[in-house]
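Close look at the chain arrangement
Chain by chain, the residues run as shown.
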Amino acid sequence: MKNRTKNPWKRDFCNFLGIILYFDKILWIIISYSSDENGTPMGLWFSKITHLYHLAKQENIEMTIASIRGGKVPIDPESLRPMLTDRITKKCWNDEKFWKILENIPSLAGISWEKFDAIYLAGGRGIMYDFPENTDLQAIIAVHYEARKIVSAACHGVGGLLNVRISNGKNLIADKK
């Protein structure tokens, strides 16, 4: 574990997200769904990944972005409204390297997730369609949690914790406040 930054804003932001930026290898798990059952467009809430990407890039942290199904990352159009985009979000929107990453990310089944120090479950409304019932995701979270590694989530990303069972048979979030 490394204390990479002296900037208090970065430290507070890192603490809020489970201090994940203090680790060398982070697995970011994001949404696969691009619309709900009614056809309403949804996807990754753009700022839930842009701010972390920006900081991780500055701090030279190895980051792997994956989703349940892999492929091109759908972006929630609601997250791109002018009042919701800031300088960092706009910078990532115009970053060709960032878009190359999002064009074809691996699926969870396609990566060796054991090598990561921390997991971050990014937010977005569509998370509720593919995170809670995915047994691969539940296994990854349970193994990381029981290995005392960081498991963190932002916004709707906590939906990925709902059905995770740990080795004692209890739900991961049982008795948590």
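My aim in this report is to walk through the structure given alongside it, one point at a time. All values derive from a computational prediction rather than experimental measurement.

1. What about the overall build of the chain?
Scanning the chain for helices and strands turns up six helices and four strands. Moving toward the C terminus, one meets the helices and strands of the chain in the order α-β-α-β-α-α-β-α-α-β. Counting only residues that meet the buried cut, the chain has 47% of its 177 residues in that class. When contacts within the chain are restricted to residue pairs at least 6 apart in sequence, long-range pairs at least 24 apart make up 77% of them.

2. Concerning the sheet that holds strand E3 (residues 118-121)
Across the sheet, four strands lie side by side as E2-E1-E3-E4; this open sheet has parallel pairing. Sheet topology places strand E2 (62-67) and strand E4 (150-153) at the edges, where each strand pairs with a single neighbour. On average, each strand axis in the sheet is inclined to that of its neighbour by 20 degrees, with strand direction left out of account. Strand direction decides the pairing type here: strand E1 (residues 25-30) and E2, joined by six bridges, are parallel. Along E2, the bridge assignment pairs Trp-28 with Ile-65. Its contacts with the sheet place helix H6 (residues 135-146) against E1, E3 and E4, and it is angled at close to 135 degrees to E3.

3. A look at the pattern of salt bridges
It is possible for side chains bearing opposite charge to pair when their charged atoms get close. Inspection of the entire model under this criterion finds six salt bridges. Across the pair Asp-175 and Lys-170 runs a salt bridge, and its minimum N-O distance is 3.3 Å. The exposure class of Asp-175 is exposed, given its relative accessible area of 68%.

4. Quick notes on a nonpolar patch on the surface
A surface patch of nonpolar side chains, about 320 Å² in accessible area, is lined by Met-128, Tyr-129, Leu-162 and Ile-173. By the element assignment, Leu-162 lies in the segment after E4. The partly exposed category is assigned to Leu-162, whose relative accessible area is 36%.

5. A word on the side chain of Asp-76
Inspection of the secondary structure assignment puts Asp-76 in the loop between E2 and helix H3 (87-93). Within the local environment of Asp-76, its side chain forms a polar contact with the side chain of Arg-125, the two groups lying 2.8 Å apart. Sequence-distant contacts of Asp-76, defined by excluding residues within four places in its chain, comprise Pro-41, Met-42, Gly-43, Leu-44, Trp-45 and Arg-125.

6. Examining the packing of helix H2 (residues 47-58) against helix H4 (residues 96-103)
Across the interface, H2 lies against H4 with an axial gap of 12 Å and an inter-helix angle of 125 degrees. Overall, the two elements H2 and H4 adopt an arrangement that is oblique. Crossing angle aside, the handedness with which H2 passes H4 is right-handed. Residues Ile-49, Thr-50 and Tyr-53 of H2 form the contact with H4, whose participating residues are Lys-97, Phe-98 and Ile-101. Within the contact of H2 with H4, the residues separate by chemical class into four nonpolar, one polar and one charged.

7. Side note on the packing of aromatic side chains
Where two aromatic rings form a pair, the distance of their centres and the angle of their planes describe that pair. Per the counting criterion, the structure on display carries eight aromatic pairs. Here Phe-46 and Phe-98 contribute two aromatic rings whose centre-to-centre distance is 5.8 Å and whose plane-to-plane angle is 65 degrees, an arrangement assigned as edge-to-face. Linking Phe-46 in the loop between E1 and H2 with Phe-98 in helix H4, this pair joins segments that are 52 residues apart in sequence. Relative accessible area serves as the criterion here: at 0%, Phe-46 is assigned to the buried category. Residues Phe-46 and Trp-99 carry aromatic rings whose centres are separated by 5.7 Å and whose planes lie at 15 degrees to one another, so their mutual orientation is stacked.

What counts, and at which threshold
Residues numbered from 1 in each chain as written. Predicted model: local features only at pLDDT ≥ 70, side-chain atom pairs only at ≥ 80, totals over all residues. Heavy atoms only, no water. Helix = DSSP H or I, 4+ residues; strand = E, 2+ residues; numbered from the N terminus. Buried < 20%, exposed > 50% of the residue type's maximum accessible area, 1.4 Å probe, protein only. Contact = heavy atoms within 4.5 Å. Pairing = 2+ DSSP bridges. Axes fitted to C-alpha atoms, helices over the stretch in contact; angles between N-to-C directions. Salt bridge = Lys/Arg side-chain N within 4 Å of Asp/Glu carboxyl O. Patch = residues over 30% accessible without salt bridge, like charges linked within 9 Å, V, L, I, M, F, W, Y side chains within 5 Å. Areas by Shrake-Rupley, 256 points an atom, 1.4 Å probe, with all protein chains shown as cover. Polar contact = N/O pair within 3.5 Å; in protein donor to acceptor, adjacent residues only side chain to side chain. Parallel < 35°, antiparallel > 145°, perpendicular 65-115°, else oblique. Left-handed = near helix turned anticlockwise from the far one by under 90°. Nonpolar A, V, L, I, M, F, W, Y, C, P; charged D, E, K, R; others polar. Phe/Tyr/Trp six-rings, centres within 6.5 Å; stacked < 30°, edge-to-face > 60°.

Function cannot be inferred from these measures alone, as they are strictly geometric.
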